[in-house]
Amino acid sequence: MEETKPRKFNVESSPHVSAANYKYKVMWLVVLALLPAAIFGVATFGIHSLMIIFTAVATAVLTEALFEKIRKKPISVEQGPAVITGLLLALALPPTVPLWIPVLGSFVAIAIAKHAFGGAGMTIFNPALVGRAFLVVSFPVLLTNYIWPDGITAASPLSMLKIQGYESAITHFGGQLLAYKSLLIGNISGTIGETSAILLLIGGLFLIYKKIIDWKIPTIYIGTVFILTLLFGQDPMFHILGGGLFLGAFFMATAYEGMPITKNGRIYFAIGLGLLTSVIRVFGGYPEGVNFSILLMNAAAPLIERLTINKPF
């Protein structure tokens, strides 16, 4: 009798059945959710903002294709991750920066923060935030040169709060309710994509509705900032609507690679984000704390995940 050879089975990690175009759809849905804030930023600050966005996205896409070619990996720029990185970086930049700034930032984001760690799925830190953090540390004057919709150079609302005090910041808007209205609509200075809180909120709720992001992270993050700034004697609504909290909470803190996969881990992750952001804003030297808070919690995510992993029954 002929001896039968043992059959070989390939053992792979889950998911065992998946849609081939799922990642493609997810990435472009995120881009779609960001478009209202991006269009508003261009309409508010002018054509140079559009050039910044185009330059950042084009550099990110070209850098992605270059390093995938060097590493002999399939070219995946059509799936959208490089587009999201470039777009997020551009939306986190002031509308006055020269065009070499988004070029440098996008290159650092893709080449160092992404491909130096192994490429897609292997990154620890949010690439767009790494690119922006590099630019903030290297060129602090350019990265804090804001203009108001009328073209006048002035400090951002959080900078006014930090330097001039709450009463002065509120007086600038003509009162508390007028300040909230301006912050909500986007009639303020700031980066290209962070000014209109309402449009960012709509985009974030769209991603939650489509189940692209976990609602717990942005909700707990924003809620923690509200509670802590209130306890610190600050105006919590001013902190929530001003600055890049909505942009960071909905579109950056929820990046799949940089957050824990456990349910409890994501709760602790979001609380840590809110704690760090509040402490940096209120007691630190920077008026804004979203960027560095997310990067620090990205670094802590593996430890949080290990401590909150479910025990087998």
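The notes below deal with the structure included here.

1. Some points on the overall build of the protein chain
From N to C terminus, the protein chain includes 14 helices and 0 strands. Traced from its N-terminal end to its C-terminal end, the protein chain shows the element sequence α-α-α-α-α-α-α-α-α-α-α-α-α-α. Put simply, of all contacts in the protein chain between residues at least 6 apart along the chain, 73% involve residues at least 24 apart. Summed over its atoms, the accessible surface of the protein chain is roughly 15,900 Å², and 68% of this surface lies on carbon and sulfur atoms.

2. Quick word on the pattern of salt bridges
In total, this model carries 4 salt bridges according to the counting rule given. When the shortest N-O distance is used, the salt bridge between Lys114 and Glu64 registers 2.7 Å. Within this pair, whereas Lys114 is found in the loop between helix H4 (100-112) and helix H5 (127-138), its partner Glu64 is found in helix H2 (residues 47-70), the two being separated by 50 residues in sequence. For Glu64, a relative accessible area of 1% translates into the label buried. The partner of Asp214 in a salt bridge is Lys216, with the nearest N and O atoms 3.3 Å apart.

3. Section: the packing of helix H13 (residues 263-283) against helix H14 (residues 290-307)
Packed helix pairs are specified by the crossing angle of their axes together with the interaxial distance, meaning the distance between the axes. At a closest axis distance of 9 Å, the pairing of H13 and H14 adopts a crossing angle of 150°. The orientation of H13 with respect to H14, classified from their angle, is roughly antiparallel. At the point where H13 passes H14, the crossing takes the right-handed sense. In this structure, H13 contributes Gly265, Tyr268, Phe269, Gly272, Leu273, Leu276, Thr277, Ile280 and Arg281 to the contact, and H14 contributes Val290, Phe292, Ser293, Ile294, Leu296, Met297, Asn298, Ala301 and Ile304.

4. Remarks on the side chain of Thr262
If you trace the backbone, Thr262 turns up in the loop between helix H12 (245-251) and H13. Separated by 3.2 Å, the side chain of Thr262 and the backbone nitrogen of Gly265 make a polar contact. There is a polar contact of 2.6 Å between the side chain of Thr262 and the side chain of Thr308. Sequence-distant contacts of Thr262, defined by excluding residues within four places in its chain, comprise Glu305, Thr308 and Ile309.

5. Things to note about helix H8 (residues 176-185)
Taken together, the buried positions of H8 are occupied by Ala179, Tyr180, Ser182 and Leu183. For H8, the angular spread of the buried residues around the axis is 165°, confining them to a single face. Exposed residues on H8 whose side chains face more than 90 degrees from its buried face are Leu177 and Lys181. The positive-phi residue at the C-terminal boundary of H8 is Gly186, with phi of around 120°.

6. Here we look at the packing of aromatic side chains
Summed over all chains, the structure comprises 8 aromatic pairs. Seen in terms of ring centroids, Phe117 and Phe125 are 6.2 Å apart; in terms of plane orientation they differ by 75°. Their pairing is edge-to-face. On the numbers, 5.0 Å between centres and 75° between planes, the contact of Phe232 with Phe283 is edge-to-face. One end of the pair, Phe232, is in the loop between helix H10 (216-231) and helix H11 (236-241); the other, Phe283, is in helix H13, and 51 residues separate them in sequence.

7. Details of the side chain of Thr123
Inspection of the secondary structure assignment puts Thr123 in the loop between H4 and H5. Exposure remark for Thr123: the relative accessible area of 8% places this residue in the buried category. Excluding its chain neighbours within four sequence positions, the residues that come into contact with Thr123 are Ala113, Lys114, Phe117 and Glu257.

Reading guide: rules and limits
Residues numbered from 1 in each chain as written. Predicted model: local features only at pLDDT ≥ 70, side-chain atom pairs only at ≥ 80, totals over all residues. Heavy atoms only, no water. Helix = DSSP H or I, 4+ residues; strand = E, 2+ residues; numbered from the N terminus. Contact = heavy atoms within 4.5 Å. Areas by Shrake-Rupley, 256 points an atom, 1.4 Å probe, with all protein chains shown as cover. Salt bridge = Lys/Arg side-chain N within 4 Å of Asp/Glu carboxyl O. Buried < 20%, exposed > 50% of the residue type's maximum accessible area, 1.4 Å probe, protein only. Axes fitted to C-alpha atoms, helices over the stretch in contact; angles between N-to-C directions. Parallel < 35°, antiparallel > 145°, perpendicular 65-115°, else oblique. Left-handed = near helix turned anticlockwise from the far one by under 90°. Polar contact = N/O pair within 3.5 Å; in protein donor to acceptor, adjacent residues only side chain to side chain. Arc of directions from axis to C-beta. Phe/Tyr/Trp six-rings, centres within 6.5 Å; stacked < 30°, edge-to-face > 60°.

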